[in-house]
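Architecture at a glance
Given next are the chains, with one letter for each unit.
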Amino acid sequence: MESIGVLMACPMNSYLEQQLEKRFKLYRFWTVPDKSSFLASHKDSIQAVVGNAGAGADAELIEALPKLEIVASFSVGLDKIDLAKCKEKGIRVTNTPDVLTEDVADLAIGLMLAVLRKLCESDRYVRSGKWKRGDYVLTTKFTGKKVGIIGLGRIGMAIAKRAEAFSCPISYYSRTEKPEIKYKYYPSVVELAAHCDILVVACPLTKETHHIINREVIDAMGPKGVLINIGRGPHVDEPELVSALVERRLGGAGLDVFENEPYVPEELFGLDNVVLLPHVGSGTVETRQAMADLVIGNLEAHFQKKPLLTPVV
Amino acid sequence: MDSQPFLAKTFPPLLVLRSPSVPPFFFFKSQLQAHFHLLDPLDSSEPTHSFLSRHAPSVLALLCVGATPISSETLSLLPSLKLVVASSAGFDHIDLQECRRRGITVTTAGQAFSEDVADFAVGLLIDVLRRMSAGDRYVRSGSWVTKGEYPLGAKLSGKRIGIVGLGRIGSEVAKRLVAFGCSIAYCSRKEKPLVPYAYHSTVDELAKKSDALILCSSLTKETHHMIDHGVMEALGKEGVIVNVGRGGLVDEKELVKFLVQGQIGGAGLDVYEDEPLVPQELFAMENVVLAPHASVYTPESSTALQELVIGNLKAFFSNEPLLSAAQLE
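The present account deals with the structure reproduced in this document. (Residues numbered from 1 in each chain as written. Chains lettered and ligands numbered in written order. Predicted model: local features only at pLDDT ≥ 70, side-chain atom pairs only at ≥ 80, totals over all residues. Heavy atoms only, no water.)

So, the overall build of chain A
- Secondary structure assignment for chain A yields 11 helices and 12 strands.
- On C-alpha atoms alone, chain A measures out to a radius of gyration of 21 Å, which is about the 20 Å that the 2.2 N^0.38 rule sets for 313 residues.
- Seen through its principal axes, chain A has C-alpha atoms that stretch 65 × 50 × 30 Å.
- Among the 313 residues that make up chain A, the fraction classed as buried is 58%.
- When contacts within chain A are restricted to residue pairs at least 6 apart in sequence, those whose partners lie at least 24 apart make up 58%.
- When the accessible surface of chain A is summed, it comes to about 13000 Å², and 51% of that surface belongs to carbon and sulfur atoms.
- When the 38 positive and 40 negative side-chain charges of chain A are each reduced to one mean point, those points stand 4 Å apart. (Helix = DSSP H or I, 4+ residues; strand = E, 2+ residues; numbered from the N terminus. Rg over C-alpha atoms; globule rule 2.2 N^0.38 Å. Buried < 20%, exposed > 50% of the residue type's maximum accessible area, 1.4 Å probe, protein only. Contact = heavy atoms within 4.5 Å. Areas by Shrake-Rupley, 256 points an atom, 1.4 Å probe, with all protein chains shown as cover. Lys, Arg positive; Asp, Glu negative; His and termini not counted. Charge placed at Lys NZ, Arg CZ, Asp CG, Glu CD.)

With respect to the interface of chain B and chain A
- Facing the 58 residues of chain B at the interface are 63 residues of chain A.
- Interface area lost by chain B to chain A is led by Arg130(B), Arg140(B) and Trp144(B), which between them contribute 16%.
- Linking chain B with chain A are nine salt bridges, by the criterion used here.
- Inspection of the chain B/chain A interface yields 29 residue pairs in polar contact (both at pLDDT 80 or more).
- Looking at the side of chain B that touches chain A, the elements with two or more residues in it are helix H6 (114-130), helix H7 (132-140), helix H8 (143-147), helix H9 (168-178), strand S12 (288-290) and helix H13 (299-317) of chain B.
- The element contributing the most residues to the side of chain B that touches chain A is H6(B), with 10 residues.
- Residue composition of the side of chain B that touches chain A, by class: 34 nonpolar, nine polar and 15 charged. (Buried area = accessible area lost by both parts, 1.4 Å probe. Salt bridge = Lys/Arg side-chain N within 4 Å of Asp/Glu carboxyl O. Polar contact = N/O pair within 3.5 Å; in protein donor to acceptor, adjacent residues only side chain to side chain. Nonpolar A, V, L, I, M, F, W, Y, C, P; charged D, E, K, R; others polar.)

Some points on the packing of aromatic side chains
- Enumeration according to the criterion identifies 18 aromatic pairs over all chains in this entry.
- A centroid spacing of 5.6 Å and a plane angle of 65° characterise the contact between Trp131(A) and Tyr272(B), whose relative ring orientation is edge-to-face. Of the two residues, Trp131(A) sits in the loop between helix H6 (119-127) and strand S6 (147-150) while Tyr272(B) sits in the loop between strand S11 (266-269) and S12, which places them in two different chains.
- A residue is classified by how much of its surface remains accessible, and Trp131(A), at 9% relative accessible area, is buried.
- Under the relative-accessibility criterion, Tyr272(B) is labelled buried at 3%.
- Arranged with centres 4.9 Å apart and planes meeting at 50°, the rings of Tyr136(A) and Tyr297(B) form a pair that is tilted. Placement of the pair is Tyr136(A) in the loop between H6 and S6 and Tyr297(B) in the loop between S12 and H13, with the two residues belonging to separate chains.
- Judged by its relative accessible area of 29%, Tyr136(A) is partly exposed.
- Since its relative accessible area comes to 5%, Tyr297(B) is described here as buried.
- Ring pairs connect the aromatic residues Tyr136(A), Phe25(B), Phe26(B), Phe113(B) and Tyr297(B), which therefore count as one cluster.
- Its guanidinium or amino end placed over the ring of Tyr27(A), Lys25(A) lies 4.9 Å from that ring's centre, counting from NZ or CZ.
- Positioned above the aromatic ring of Tyr186(A), the side-chain terminus of Lys184(A) is 4.9 Å from the ring centre. (Phe/Tyr/Trp six-rings, centres within 6.5 Å; stacked < 30°, edge-to-face > 60°. Lys NZ or Arg CZ within 6 Å of the ring centre and 35° of its normal.)

What to know about helix H12 (residues 252-260) of chain B
All names here are of chain B.
- Of all the positions in H12, only Glu252, Glu254, Leu255, Val256, Phe258 and Leu259 are classed as buried.
- Looking at the buried positions of H12, the neighbouring elements they touch are helix H11 (229-235), strand S10 (240-243), S11 and S12.
- Gly262 sits one or two positions beyond H12 and adopts a positive phi of about 70°.

What to know about the side chain of Asp119(B)
- Counting through the fold element by element, Asp119(B) comes out in helix H6.
- There is a polar contact of 2.8 Å between the side chain of Asp119(B) and the side chain of Thr143(A).
- Among all residues touching Asp119(B), those that are not within four sequence positions of it are Leu113(A), Arg117(A), Phe142(A), Thr143(A), Phe166(A) and Arg176(B).

Structural notes on the pairing of S11(B)
Residue and element names in this part refer to chain B.
- Here S11 shows a buried face lined by Gly266 and Gly268 and a second buried face lined by Ala267 and Leu269.
- For S10 and S11, the ladder comprises four bridges, and the chain directions are parallel. Paired with Ile241 across the two strands is Ala267, which belongs to S11.
- Following the backbone out of S10, through H12 and into the adjacent parallel S11, one traces a crossover that is right-handed.
- Bridge analysis of S11 against S12 gives three bridges, and the strand direction is parallel. Considered in S12, the bridge of Leu269 is made with Leu290. (Pairing = 2+ DSSP bridges. Right-handed = clockwise from strand over helix to strand, strands pointing away.)

Some details on the nonpolar core
- Residues Ile159(A), Ile213(A) and Leu32(B) are the most contacted members of the largest nonpolar core, which totals 154 residues.
- Looking at this core, the element that brings in the most residues is helix H5 (residues 101-116) of chain A, giving 11 residues.
- Leu206(B), Leu235(B), Leu255(B) and Phe258(B) belong to the second largest nonpolar core, which has 32 residues in total. (Core = buried A, V, L, I, M, F, W, Y, C linked by side-chain atoms within 4.5 Å.)

Below you can see the structure in the form of structure tokens.
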């Protein structure tokens, strides 16, 4: 398979790069000085694209690669891939579901605890050397808080299961109600927001869910509401969120994703009621390895004409 | 209900002992004044020793505010004392042996703090493994832009958790981590029969079989420095220690050495041997999360504590069963 050309969209994992290099002819898109001339000269050699949450295969790239057979994403999210175009051209698409579910759910709960109990703020305080005997700051109890989940898929369910162990009542919004689920369903995000203390975004990013957290939802959450985003930056109208936090119309936020990564609105840097993470939802050694193995496994399966491990298209 | 001086004299007298540095969280003066006539040496210009001696005959109950030490010397000035009401999660600052000898009942903070401390412990564990505080610093310093992707953390779900001290707090921690797919084992003075977790009779044994140790036990002569060189070695290079108990449970100098030398995976600490002093070597570490003994500070814990303290005192003065009497062995 060493002659099969695989285009890696951006740096994502050195183990994955090594493994791809061993098995295929690997092209690192980010090292190419002129992308369009590279595509023009290599269009007949590239049969696979490996993307991730940051870069995938849009219509333009797909059109530029007539021999493209498969797009394997090093992520579970597919928002950077033009799925309709892939379907149209018979291009297979795979992602990395399940292996990262637990890490993302763990981090969602971690963010809730960090925001409510001001963990990062406390750590900053101790490291500043300012801690004196008798100092204390009241923070917000987490146990028993109402958690509202947008999107009750694998990750949403894993978050619910963990939050339940903290006696948190769970409610959710989803495209359709799930009758077999015992959690309370709300038919709109605004209603969900109005009836929970902590709102978590755990749905895929699509045209419909773009800016699903908007001014109206933020208003419904209120000055004690806390937003947790472990989905995608564009789920949230970021400028609206920033002004709500700065003006204290919203109680707090735990954010792992942003509209224009790695750029994070600097107005947030001075706030003590937000926790800002550099998109680390699946960022553990164990999980990234498992994700890389899935990408390799899917590519090998495809080129050996075996069934794909985790096909989406 | 304002207590007027006239009525106050008919309330039962309550001796209040508090160090000036104890956070006001533990001393809810107006709520107490609604039910009791407070005798507080800090409100008097008289030296404490003579204040205590003068009031001693009428003092049946004493409120120990926060971690104010109650020594056998203090107790010896109070021959009529029958009850010590503790208002913090731990009571290693109270001479329990002397209380037992004198037949003085001690009441604890019961369940008032358990959930908040357990939440905090889980938060610290996730923070250390997933580098939340370090990641937040990374973003705020602009490093995500200039340096790129943040280094990978370690997975929590499915890890083996060793709980040191399966009391009220330890049990709440266990219950939470089970939902993360973690396996729970514990060590305790005695094995607990109805508990679904694996028991180890020593901390060393527990450490050998754990990826992380969560310290939830009280500080006694026996548990002092129980997390020592041997335990840290047994826990191993990837091991994590979370301490929401007392600083004295850990040989702090040894822990710092292990961390500096990379012989242990990380630590989440809410308590230290000599608060508020924190070993400076820890400030530069990405695998350490530091909190200022803050695990109980929520409005709910404050309310629960007040209700419990006042409830115990009212029960005592009405000759009714106490709400949270400690079993003094």
